[in-house]
Amino acid sequence: MSSHDSFFKSVERNFDKAASHTDLHKGLLEQIKVCNAIYSMRFPVKIGNEYQVIEAYRVQHSHHRLPTKGGIRYSDNVNQEEVMALAALMTYKCAIVDVPFGGAKGGVKINPKNYTENQLERITRRYTTELIRKNFIGPGIDVPAPDYGTGQREMAWILDTYQTFKHGELDAVACVTGKPVSQNGIKGRTEATGRGVFYGVREAMSFKDDMKKLGLTPGIEGKTMVVQGLGNVGSHTALISQQEGDVKIIGVAEYEGSIYSENGIDVEKLMAFRKETGSIIGFPGTKTLKDNMAALELECDILVPAALENQITMENAHKIKAKIVAEAANGPTTSEAADVLTKNGIMVIPDMYINAGGVTVSYFEWLKNLSHMRFGRMEKRFNSNTYDNLLKTIEKLTGKTVGDKERMVLTRGAEEIDLVRSGLEETMVTSYHQIRETFQRKRKIEDLRTAAFVTALQKISSDYENLGVFP
Ligand code: NAD
């Protein structure tokens, strides 16, 4: 069995474990579990003087809500099973954070580092064309987003290709999210997954009783963190945790190796150092560890695997010394390894909840695109004037006045970025409470992942009931 098979099997094993805690109809559980549509494609792209046949996929896991939604991954590890596992996770993720989409995922089996920008553009545009041809993309059909190995640039190419084919379609810009802000994207999307991880961990750590069981004081402030992967998700998790949560980042792992410093690592400076030297190794004030997996075994309060799946397995699970594992990546812990962590008293905050910030803000972007207007445009000035009038009334009644700087802070109307962040914070906090409530109510559930799954299954099953499919 390859590691990718085991990722898909892990998701199925987790599903089955959760299903046993529900009293849902067997047929309904089966319908929720299976992938509804799988598009496996091969297309040629001219690279240099040769034609290369590219292997790619788009999997729509669940059509119970449309559009389906999920990122596109560029990696030479991509295969159908992996994309299926990731698409299934998207369905449960969307349900947990109340994003009204079915789950999907795309994958292109390439290592982007081996291609020029121009070649990547041609591959992306050709992949999009294949999706259009089979009706696998569209604002009401299936809406991709960034994932491992892709970002704003790829999303802009996808949008441009889609618009070329669908000239005049009113909502065309909502066919993909994670776009550059200048091209109908939304402020705060790039940082969203990492920011969501921060909000989620902070919320989990706010419960005194739960932290006491881990031997921790409540609150994220001053706690230590180790991050694996300094890409989109890992870097924003680390930066925001450091800047807004006063968290000490004591270890970082990247492709080339891992580093440690008990005094804390300035992540912003580390990223600048890596950009300049091409590596995190040798960053002043840090020790180099044995290899890139060694950082996972460091003693710390919070371990954030933010690279790829199958990083914590039966081989290293017993060596993990963190108190909390926040699964920023999808599937970083195999199902069996997660059982070992739970047995060892480690709290695992599951991927399908903790990294849902990306899809949450993608949903905001999609809504913005459908409304054809940025958030805050209608109410910002009105709110600002209302606060100003209120302040003036207070000043008149008290005979005291506030300074210009304070007035600016007190009378500010919300901008798009403020609304995105508050919507994300509200989502992460509310969803955590729902999962924790399920965990506490169902005494036999042993871990937060099962509680998250059960929460998702309850929501999806009631969607099916509303559709009248499984009354
Ligand atoms: P990314 O490509 O921006 O970054 C991944 C980073 O991990 C890269 O810097 C890479 O060099 C590093 N890496 C790869 N193998 C490693 C290893 N063995 N040890 C240490 N570092 C390693 O990807 P991303 O978008 O940040 O995605 C990371 C994970 O988060 C994936 O599992 C993805 O599915 C998940 N995720 C991403 C988003 C999103 O919005 N981008 C949303 C939800 C979940």
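Conventions and cut-offs
- As a convention, each chain's residues are numbered from 1 in the sequence order in which they are written.
- Given that this is a predicted model, residues contribute local features only at a pLDDT of at least 70 and side-chain atom pairs are listed and counted only at 80 or more, while totals for whole chains, interfaces and linings are drawn from all residues.
- Each side-chain value is derived from all of the structure's non-hydrogen atoms; neither hydrogens nor water enter the calculation.
- We define proximity as follows: a residue is near a molecule or strand when any one of its heavy atoms falls within 4 Å of that partner.
- Polar contacts here mean pairs of N or O atoms no more than 3.5 Å apart (in protein, one a potential hydrogen donor and the other a potential acceptor; neighbouring residues in sequence count only if both atoms are side-chain atoms).
- We get accessible surface area from the Shrake-Rupley algorithm with a probe of 1.4 Å; when it comes to residues, only the shown protein chains can shield them.
- Each helix is a run of H or I in the DSSP string that is no shorter than four residues. Each strand is a run of E no shorter than two, and both are numbered from the N terminus.
- Note on residue categories: nonpolar means Ala, Val, Leu, Ile, Met, Phe, Trp, Tyr, Cys or Pro, charged means Asp, Glu, Lys or Arg, and polar means any other residue, Gly included.
- Here the limits of each domain have been adopted from an automatic or database domain assignment.
- Whenever Lys or Arg places a side-chain nitrogen within 4 Å of a carboxyl oxygen from Asp or Glu, that contact is recorded as a salt bridge.
- Relative accessible area decides the class of each residue, using a 1.4 Å probe on protein chains only: under 20% of the type maximum gives buried, over 50% gives exposed, and in between gives partly exposed.
- The rule for pairing is simple: two strands pair if DSSP sees at least two bridges between them.
- With axes taken as lines fitted to C-alpha atoms, and helix axes fitted only over the stretch in contact, angles between N-to-C directions fall between 0 and 180 degrees.
- Angle categories: roughly parallel below 35 degrees, roughly antiparallel above 145, roughly perpendicular from 65 to 115, and oblique for all the rest.
- For this analysis, residues touch if any pair of their heavy atoms sits within 4.5 Å.
- Geometry of aromatic contacts follows a simple scheme: Phe, Tyr and Trp rings, the Trp one being its six-membered ring, pair when their centres are within 6.5 Å, and the pair is stacked under 30 degrees between planes, edge-to-face over 60, tilted otherwise.
- Charge over a ring is defined by NZ of Lys or CZ of Arg lying within 6 Å of the ring centre and within 35 degrees of the ring normal.

Novice: I would appreciate a short explanation of the site of the ligand in the present structure.
Specialist: Taken together, 21 residues sit near the ligand, with Arg-73, Asp-147, Thr-193, Glu-254 and Asn-330 positioned nearest. Gly-149 is positioned such that a nitrogen or oxygen atom in its backbone is 3.1 Å from an oxygen atom of the ligand. The side chain of Asn-330 places a nitrogen or oxygen atom 2.8 Å from an oxygen atom of the ligand. Out of a free accessible area of 830 Å², the ligand has 89% covered by protein chains. Looking at the shell around the ligand, the elements with two or more residues in it are α8 (232-245) and β7 (248-254). Grouping the amino acids of the shell around the ligand by side-chain chemistry returns eight nonpolar, nine polar and four charged. Each of domain 1 (38-183) and domain 2 (192-354) contributes no fewer than three residues to the shell around the ligand.

Novice: Whenever I open this one, the pattern of salt bridges confuses me. Can you help?
Specialist: Enumeration according to the criterion identifies 36 salt bridges in this entry. Between Asp-147 and Arg-73 there is a salt bridge, and its shortest N-O distance comes to 2.8 Å. With Asp-147 in the loop between β5 (142-146) and α5 (152-165) and Arg-73 in strand β3 (residues 68-74), the pair connects residues that are 74 residues apart, well separated along the chain. A relative accessible area of 3% means that Arg-73 is categorised as buried. For Glu-327, the salt bridge identified is with Arg-449, shortest N-O distance 2.8 Å.

Novice: Help me understand the pairing of strand β8 (residues 257-260), please; the structure alone is not making it clear to me.
Specialist: Regular strands place their side chains on alternate faces of the sheet. Here β7 runs beside β8; their pairing, made up of four bridges, is antiparallel. Bridging from a neighbouring strand, Glu-254 pairs with Gly-257 of β8. Linking β7 back to β8 in an antiparallel pair, the connection comprises two residues. When β8 meets strand β9 (residues 287-288), the two strands line up antiparallel, connected through two bridges. Bridged to Tyr-260 within β9 is Lys-287.

Novice: Can you help me understand the packing of helix α3 (residues 80-96) against helix α16 (residues 448-467) in this one?
Specialist: The packing of two helices is summarised by the inter-axis angle and the distance between the axes. Where α3 meets α16, the axes come as close as 8 Å, and the angle between the chain directions of the two elements is 80°. When the interaxial angle is binned, α3 and α16 end up roughly perpendicular. For the pair α3 and α16, the contacting residues are Thr-91, Tyr-92, Ala-95 and Ile-96 in the first and Ala-452, Phe-453, Ala-456, Lys-459 and Ile-460 in the second. The class makeup of the residues in the contact of α3 with α16 is seven nonpolar, one polar and one charged.

Novice: Is there a simple way to think about the sheet that holds strand β6 (residues 224-228) in this case?
Specialist: One key point about sheets: their strands pair by backbone hydrogen bonds, in either a parallel or an antiparallel sense. The strand order across the open sheet built from seven strands is β9-β8-β7-β6-β10-β11-β12, with neighbouring strands paired in mixed fashion. Of all strands in the sheet, those bounded by a partner on one side alone are β9 and β12 (347-349). Relative to β7, β6 is paired through five bridges, and the arrangement is parallel. What sits directly across from Gln-228, in β7, is Ala-253.

Novice: Hey, could you run me through the packing of aromatic side chains in this one?
Specialist: Aromatic ring pairs are reported here in terms of the distance separating the ring centres and the angle at which the planes meet. Scanning all chains against the criterion turns up twelve aromatic pairs. When the centroid spacing of 5.6 Å and the interplanar angle of 90° are considered together, the rings of Phe-101 and Tyr-363 count as edge-to-face. Taken together, the positions of Phe-101 in the loop between α3 and β4 (102-108) and Tyr-363 in helix α12 (residues 357-371) put the pair 262 residues apart, joining distant regions of the chain. Here Tyr-353 and Tyr-432 contribute two aromatic rings whose centre-to-centre distance is 5.7 Å and whose plane-to-plane angle is 45°, an arrangement assigned as tilted. Linking Tyr-353 in helix α11 (residues 351-354) with Tyr-432 in helix α15 (residues 416-441), this pair joins segments that are 79 residues apart in sequence. Considered together, Tyr-353 and Tyr-432 belong to a single accessibility category, that of buried residues. The rings of Phe-101, Tyr-363, Phe-364 and Trp-366 are connected pair by pair, giving a single aromatic cluster. Its guanidinium or amino end placed over the ring of Tyr-255, Lys-113 lies 5.3 Å from that ring's centre, counting from NZ or CZ.

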